[in-house]
Amino acid sequence: MSVQDFKTAQDFIDYVNTEYEKVHRTFEEQFWGTKMGLPNGTPLADGKTPKEYSVEQLTRTKQEMENFLADEQKLEQSRKWLQDSGLNAEQAKVLKLFERTFGCYIMESEQARIYREEATKLEGSLNDKRNKMSLGANMPGKGFVEMSSVGLREKLRTAESEEERKACYEGLTGIGSFVLSNGFIEIVKLRNKMAKALGYVDYYDYKVRQAEGFSKDRLFEILDTLEKGTRDLMLQARAKLASDKGEMALKPWNMVYCMSGDVVKKLDPYFPFEKSVERWGRSFSRLGIQYRGAIMDLDLLDRKGKYSNGFCHWPQPAWRKPDGSWQPALTHFTSLANPRSVGSGHTALTTLMHEAGHAAHFANIQQASPLISQERAPTSVAYAETQSMFLDSLVGDASWRGRYARNRAGEPIPWELIEADIRATHPYKVFTLRTMLAVPYFEKALYELVDEEITPERVAALEKQIELEIQGGPSPRPLLSVPHLLSDESACYYHGYVLAEMAVHQTRNFFLNTFGEIVDNSKIGPMLEEAYWRPGNLEMFLDLVKNLTKEPLTGEAWVNAIKVSVEEKLEKERKEYDKAVARPAPGADAGEQQVDLKMRVRFVDGPTVIADTEESQGDFLAACRKFEHFLEEKYPATA
C-alpha cells in the first residue's frame, strides 16, 4: 500500500503501526543475535526463528528501519491527517507523535544520508571486532588471562595484589587503543559530517536535540551547574583518600579497591549470585510492579564473544491495538556475570534491578502505537534511565539490605558490615557523579574537534585531558573503554544517566517525604506506572519529573545526598535497617510463597534455555530453582 492510498486517518495510523512493528522486529532480532553471538537458527522466546544472524543482516535491517522512519511521505501524511476535523483525541495524539518521530529521522540532505549509511557500516564492523577482541590482562605469574571488561573492572575492586589490579587497568586501557585503530576515528568524522550536513552544530547537538528536545548548549548549562557545584567536593575527596590511604590510592588501579575492596569481599556472602534473580523478583513484586503479560529472555552469564555491556531491548514493543486488545512486550535482557568472581552477586543484582526497571517501564507504556513505546528518539534518554536507576538505587539502601541481603543460610547482613560499607564509600560518593559527568564532557569535546584534529593521538590525549579536568586524574574506567561511545544508539547518550540520577534523587525524596519508605511499599509501582511509565514518549522528561515530584528538575537533591555527613547517614540508615530486620524474612509469610510479575521469564545462556516459567506453570520461583541448579553444575564453586 502506498502512503498516498489511505481513506481515513485510522487507516494511515494502522499502516504505520503494522509496518513499523515489522522493521523494528527484524532489526532487534539481528541486534540480539549478533550481540549475543548466537548460532544461526536460534529461536526467540515467542517461537520466531531468524535464519541468520550476521553483521551484514544487522546493517541491512537497521538501514531498513531508519529508511522507514525517514520517509518524507509519512511525515507529509501525518501533517495532512492532523488537519482532519474528524479526528478523535487519541488519533490526534498518535499523529502528533508520528510527526515528531519522523521529523527526528528525515534527512533532507542526500549527502547526510550517505554519511549515515557509511557510518552504520563501520559501526557494525567495529562492534563485531570489539566483540571478538582478545581482551584480558597479563597477570603476574599466570600470563595472559582472558576477561571481559566487566571482569577486569571487578578485579580492580577486589584483587588484593596491586600488580594484578594494574594489569587489569592496562587491559582496560587496551580497549581505547583497539577502537582507535579499528574504525572509531572514521565513525566520529562521518557522524559529524552527517550532523553538519543537516544544519546541526555537531553530532552531539544532533543527538541531544532529537532525544531531549533541547540544544547541546542548554544541556551543558545544566551539567555545568553540577560540575562547578561538586568540583571542590571532588578535590576534597581525593585529598581525603590520599591522606587516609596514601598517595598510591589515587592511582587508577588502586582507587576503587582502596575505597571498598575489603568491604566488597565481606559483603559478598550476603549477595550470593544464584539468589540474585529471586531477590529481584521478590523485591519488584512487593513494590507492586507488574509486566502486563510480557515475555523476557534473561542472558546473564559472561562468555567469550558476547557484547561487553548489559542492555535491555524490545523486539516487540508493548502497545494497545485499535480493537482494544493488548500487545505485550518481548524483552531481551543481558548482563556479563561470572559467578566465581567476588562481588559478582552484588553486581548481578544491581544490573537486574536496573535492566528490569527498563523492562517494567517499557512493558507498561499503554498507548495506541508501538512508536510511543520504543526506546529510540524521540524517547528521552534521561526519561528511560530514570526508571532503571531509581530501582537499582534501592540495593544500596540499608532498608533493602536488611530485608534481602542474606547469606546462603538465610541470615541477614549484619549492621556492622553496612556501617563499614558506608564509612568506606560515602565520603567518596562524589567520584560517582564525576565519573558519570566525564563521559558527556569527553564526547562534547570529541565532536567539537575539527576534522583534521580527529586522529588517534589527539583523541587519546583528549581522553587523558578530560579525565584530569573532571575526575582529577586518570580514571579507573578509561573513557575510551566505555562501550556507549561506539554505537549510534548509545553515542552521545551518557548525559541521560546524569540527568536521570538528578531525577532519581528528586523522586526518592518525593516518595520518602510522602510515604516515609520506598522498599516493599506496594504503592510505588502503581505510582511509577501512572506518572512515569504509561505516557511513553508522548510527554517530555522534564514535565514528567515535575508532574510527579511537584518541583522542576535540579541537582539539589543529589548534591545534598553527597554532602550529608557520615555520622548523619549512619544514624538514619541504622533506623531503617532495624525496622527491616525486625520483619519476617522474604518468603517466610504464607502470602509470599509465590512471586507473580505477570510475565513469562526464560533464563538462557546463549542458545541454551536454562529455565522457562511457562514450563513450570508460571511458577517464577520454580524457574529460579532450575537456574540455581544450572549454576551449581556449571560453577560448582558457587554452591
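Residues numbered from 1 in each chain as written. Predicted model: local features only at pLDDT ≥ 70, side-chain atom pairs only at ≥ 80, totals over all residues. Heavy atoms only, no water.

As its UniProt record puts it under Sequence similarities (unreviewed entry), the protein is described as follows: "Belongs to the peptidase M3 family." (UniProt positions renumbered as here; feature names shortened; annotations may be inferred.)

Visitor: Kindly report on the sheet that holds strand S8 (residues 599–605), identifying the contributing residues and their values.
Guide: The five strands are arranged S4-S7-S3-S8-S9 in an open sheet whose pairing can be described as mixed. For this open sheet the edge positions go to strand S4 (311–316) and strand S9 (608–612), each flanked by a neighbour on one side alone. Each adjacent strand pair in this sheet contributes to an overall mean axis angle of 25°, direction not counted. Inspection of the sheet shows strand S3 (residues 294–301) paired to strand S7 (residues 330–337) by six bridges, in the parallel sense. Paired with leucine 298 across the two strands is phenylalanine 333, which belongs to S7. (Pairing = 2+ DSSP bridges. Helix = DSSP H or I, 4+ residues; strand = E, 2+ residues; numbered from the N terminus. Axes fitted to C-alpha atoms, helices over the stretch in contact; angles between N-to-C directions.)

Visitor: Explain the pattern of salt bridges to me, and be specific about the residues and the numbers.
Guide: The final tally for this structure, using the stated rule, is 56 salt bridges. The salt bridge involving glutamate 489 is made with lysine 62; its shortest N-O contact spans 3.5 Å. Pair noted here: glutamate 489 is in the loop between helix H18 (456–471) and helix H19 (495–515) and lysine 62 is in helix H2 (residues 55–69), with a separation of 427 residues, a long-range link. Judged by relative accessible area, which is 23%, glutamate 489 ranks as partly exposed. (Salt bridge = Lys/Arg side-chain N within 4 Å of Asp/Glu carboxyl O. Buried < 20%, exposed > 50% of the residue type's maximum accessible area, 1.4 Å probe, protein only.)

Visitor: How would you summarise the side chain of lysine 74 if you had to cite specific residues and measurements?
Guide: As for its placement among the helices and strands, lysine 74 is situated in helix H3 (residues 72–82). We classify lysine 74 as buried; its relative accessible area is 3%. Reaching out from lysine 74, the side chain makes a polar contact with the side chain of aspartate 71 at a distance of 2.9 Å. (Polar contact = N/O pair within 3.5 Å; in protein donor to acceptor, adjacent residues only side chain to side chain.)

Visitor: Any details on the environment of phenylalanine 27? Residues and values, ideally.
Guide: Summarising the element assignment, phenylalanine 27 is placed in helix H1 (residues 9–36). On the basis of relative accessibility, which here comes to 1%, the residue phenylalanine 27 falls in the buried class. Separated by 414 residues in sequence, phenylalanine 27 and tyrosine 441 place their C-alpha atoms 31 Å apart. Apart from residues no more than four positions distant in its own chain, phenylalanine 27 is found in contact with Leu58, Thr61, Lys62, Met65, Arg376 and Glu489. (Contact = heavy atoms within 4.5 Å.)

Visitor: Could you give an account of unusual backbone geometry, with specific residues and numbers?
Guide: With an omega dihedral of 10°, the bond running from alanine 377 to proline 378 counts as a cis peptide bond. Locating proline 378 in the fold gives a position in the loop between helix H13 (344–363) and helix H14 (381–392). Although it is not a glycine, lysine 598 adopts a positive phi angle of roughly 55°. Checked against the element boundaries, lysine 598 lands in the loop between helix H23 (566–581) and S8. Among the residues examined, lysine 598 registers a relative accessible area of 37% and is labelled partly exposed.

Visitor: Would you mind going over the domain arrangement of the protein in detail, with residue names and values included?
Guide: You can read the domains of the protein as domain 1 (9–106), domain 2 (110–199) and domain 3 (274–432 + 493–634). Using C-alpha coordinates to define each centre, domain 1 is positioned 29 Å away from domain 2. Where domain 1 abuts domain 2, roughly 770 Å² becomes buried across the two surfaces, and 47% of that area is made up of carbon and sulfur atoms. For the pair domain 1 and domain 2, the number of links is two salt bridges. For arginine 116, the salt bridge is made with glutamate 66, and the minimal N-O distance between the two is 2.6 Å. Where domain 1 meets domain 2, there are two residue pairs in polar contact (both at pLDDT 80 or more). Those elements that place two or more of their residues in the side of domain 1 that touches domain 2 are H1 and H2. Tallying contributions element by element places H2 first for the side of domain 1 that touches domain 2, with five residues. Tallied by class, residues from the side of domain 1 that touches domain 2 come to one nonpolar, three polar and four charged. (Domains from an automatic or database assignment. Buried area = accessible area lost by both parts, 1.4 Å probe. Nonpolar A, V, L, I, M, F, W, Y, C, P; charged D, E, K, R; others polar.)

Visitor: I'd love a proper account of empty space enclosed by the protein, names of residues and values included.
Guide: Considering all chains together, one arrives at three cavities of 30 Å³ or more under this definition. Roughly 100 Å³ of internal volume is contained in the largest cavity. Forming the walls of the largest cavity are Phe27, Phe31, Lys35, Leu58, Thr59, Lys62, Thr120, Glu123, Gly124, Asn127, Ser487 and Glu489. Only H1, H2 and helix H5 (110–132) provide two or more residues apiece to the lining of the largest cavity. Looking at the lining of the largest cavity element by element, the count peaks at four residues for H5. Tallied by class, residues from the lining of the largest cavity come to three nonpolar, five polar and four charged. Composition of the lining of the largest cavity by domain shows at least three residues from each of domain 1 (9–106) and domain 2 (110–199). (1 Å grid on protein atoms, 1.4 Å probe; cavity = no way out; pocket = protein on both sides within 12 Å on 5 of 7 lines; lining within 4 Å. Points joined across faces, edges and corners; volume = space filled by probe spheres on them.)

Visitor: Please set out the packing of helix H20 (residues 524–533) against helix H21 (residues 541–549) residue by residue, giving values where relevant.
Guide: Direction vectors running N to C along H20 and H21 enclose 140°, while the axes themselves pass 9 Å from each other. Relative to H21, H20 is oriented oblique. The segment H20 lies against H21, with Met527, Ala531 and Tyr532 engaging Leu544, Val545, Leu548 and Thr549. Looking at the contact of H20 with H21 residue by residue, the class counts come to six nonpolar, one polar and no charged. (Parallel < 35°, antiparallel > 145°, perpendicular 65-115°, else oblique.)

Visitor: Got a sec to walk through H14? Specific residues and values, please.
Guide: Structural remark: α-helix, 3.6 residues per turn; residues separated by three or four positions point the same way. With twelve residues, H14 extends 17 Å from end C-alpha to end C-alpha; this agrees with the ideal 16 Å at 1.5 Å per step. Burial runs high along H14: twelve of the twelve residues are buried. By the burial criterion, the buried members of H14 are Val381, Ala382, Tyr383, Ala384, Glu385, Thr386, Gln387, Ser388, Met389, Phe390, Leu391 and Asp392. Measuring from the side-chain oxygen of the N-cap residue of H14 to the backbone nitrogen of alanine 382 gives 3.2 Å; that N-cap residue is serine 380. (Expected span 1.5 Å × (residues − 1).)

Visitor: Describe the packing of aromatic side chains, and please don't skip the residues or the numbers.
Guide: As enumerated under the stated definition, the model contains 28 aromatic pairs in all. Centroid distance phenylalanine 27 to phenylalanine 31: 5.9 Å. Interplanar angle 55°. Geometry classified as tilted. Placement of both phenylalanine 27 and phenylalanine 31 in helix H1 is noted, with a separation of four residues, approximately one turn of the helix. For phenylalanine 31, a relative accessible area of 7% puts it in the buried group. A centroid spacing of 6.2 Å and a plane angle of 20° characterise the contact between phenylalanine 511 and phenylalanine 515, whose relative ring orientation is stacked. One end of the pair, phenylalanine 511, and the other, phenylalanine 515, are both in helix H19, four residues apart, so they sit about a helical turn from each other. In this structure phenylalanine 511 comes out as buried when scored by relative accessible area, which is 0%. Taken together, the ring pairs in this structure connect Phe6, Phe12, Tyr15, Phe98 and Phe102 into an aromatic cluster. Lying across the ring of tryptophan 326, arginine 292 places its NZ or CZ 4.5 Å from the centre. Over the ring of tyrosine 404 we find arginine 403; its NZ or CZ atom is 5.6 Å from the centre of that ring. (Phe/Tyr/Trp six-rings, centres within 6.5 Å; stacked < 30°, edge-to-face > 60°. Lys NZ or Arg CZ within 6 Å of the ring centre and 35° of its normal.)

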